[in-house]
Amino acid sequence: MSRKVLVVSEAETFSIRGIEMKLGSIGADAVYSAPQIRELEKKSEECNLIILHTDEGTAGEADALVYIKDYCLEHDIQLIVTGTRAEYELVEQFIPASLICAFCERPLEMDKLISAADEYLAQEERQERRRNILIVDDDISYMKLIYDWLKDKYRVAMAGSGMQAITYLARNHADLILLDYEMPITSGPQVLEMIRSEAATSDIPVMFLTGKSDRESIMRVLSLKPVDYLLKTIDRKGLHEKVDNFFMTHRQG
């Protein structure tokens, strides 16, 4: 895994260059960007962490903050915010706290900032070695439950619709997909057909999630030849047994 850190600030000042130099000491490749959409689009490619350095001009950077939020959500990364408490609260109006892994208040303690960046990157490197599971379900509460059950052992992503899943897979790798069979608009079978029609995703194993346990419904699910199916009544232990056993018997590269 690379260690590319995007440092976003109104200007590449002496203190920003100091941050970039210190990031180099932990093996990170620091890239500076002004808070402008075109420059962010160009500089943010394949970054693993964003450091957002705020100042009194942050209020006028709403478009950039929205771009950063969307980028973090789409690429499953987080950011560190530096600045005053008031500036941090302004950032939170555009970027949810769940996407912010650390806040370093001014006057900035450089060692604290670099330590937070190093800790986050190390955690991401550990996560990178885990299997990637994508959960696809329109029931957000159920999907979050499955996420919580699996996140300690696997890297887990979520998609609330079939089209979100296809968009995610266009940019990210998955070792296993847990796919809801009964979804509105684009059903589980339709999503499976789209996955199998693309060369880049056709070999990704799929387990269907279904709330129906009668024989006819199960036979309908199995006719599509998923690697397995999971009843939505499954408990945490049963889910881990299914998923863990799958990876043990299907050792993928």
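Below is a summary of the structure that appears in this document. The model shown is predicted, which means the values in this text are computed figures rather than measured ones.

### Notes on the nonpolar core
Judged by nonpolar contacts, the single largest core of 42 residues is most densely connected at V5, L23, I50, I68, L79, I80 and I95. If we ignore the near neighbours within four places in the chain, the residues touching V5 are L23, A28, D29, A30, V31, L49, I51 and L121.

### As for helix α3 (residues 62-75)
Taking 1.5 Å of rise per residue, the 14 residues of α3 would be expected to cover 20 Å, and the 20 Å separating its terminal C-alpha atoms lies within 8% of that figure. Every buried residue belonging to α3 is among A64, L65, Y67, I68, Y71 and C72, and all of these are buried. Relative to the axis of α3, the buried residues are bounded by an arc of 160° and lie together on one face. In α3, the exposed residues that point more than 90 degrees away from the buried face are D63 and L73. Looking at the buried positions of α3, the neighbouring elements they touch are β1 (4-8), α2 (37-43), β3 (49-53) and β4 (79-83). Positive backbone phi, approximately 55°, marks D76, located one or two places after α3.

### Brief notes about the sheet that holds β4
Pairing in this open sheet of five strands is parallel, and the strands run β2-β1-β3-β4-β5 from one edge to the other. Lying at the two open borders of the sheet, with one neighbouring strand each, are β2 (29-33) and β5 (100-105). The mean inter-strand angle of the sheet, taken between neighbouring strand axes irrespective of direction, is 20°. Bridging between β3 and β4 involves four bridges; their strand directions are parallel. Bridge pairing in β4 places I51 opposite I80. In the packing of α3 onto the sheet, contacts are made with β1, β3 and β4, and the angle to β3 comes to roughly 160°.

### Observations concerning the pattern of salt bridges
Following the criterion strictly, the structure yields twelve salt bridges and no others. A salt bridge links D148 to K151; its shortest N-O distance comes to 3.7 Å. Taking the relative accessible area as the measure of exposure, D148 reaches 25% and is therefore partly exposed. Take K151: its relative accessible area is 36%, and that puts it in the partly exposed class.

Cut-offs applied
- Residues numbered from 1 in each chain as written.
- Predicted model: local features only at pLDDT ≥ 70, side-chain atom pairs only at ≥ 80, totals over all residues.
- Heavy atoms only, no water.
- Core = buried A, V, L, I, M, F, W, Y, C linked by side-chain atoms within 4.5 Å.
- Buried < 20%, exposed > 50% of the residue type's maximum accessible area, 1.4 Å probe, protein only.
- Contact = heavy atoms within 4.5 Å.
- Helix = DSSP H or I, 4+ residues; strand = E, 2+ residues; numbered from the N terminus.
- Expected span 1.5 Å × (residues − 1).
- Arc of directions from axis to C-beta.
- Pairing = 2+ DSSP bridges.
- Axes fitted to C-alpha atoms, helices over the stretch in contact; angles between N-to-C directions.
- Salt bridge = Lys/Arg side-chain N within 4 Å of Asp/Glu carboxyl O.

The quantities given are spatial measurements derived from coordinates; they are silent on function.
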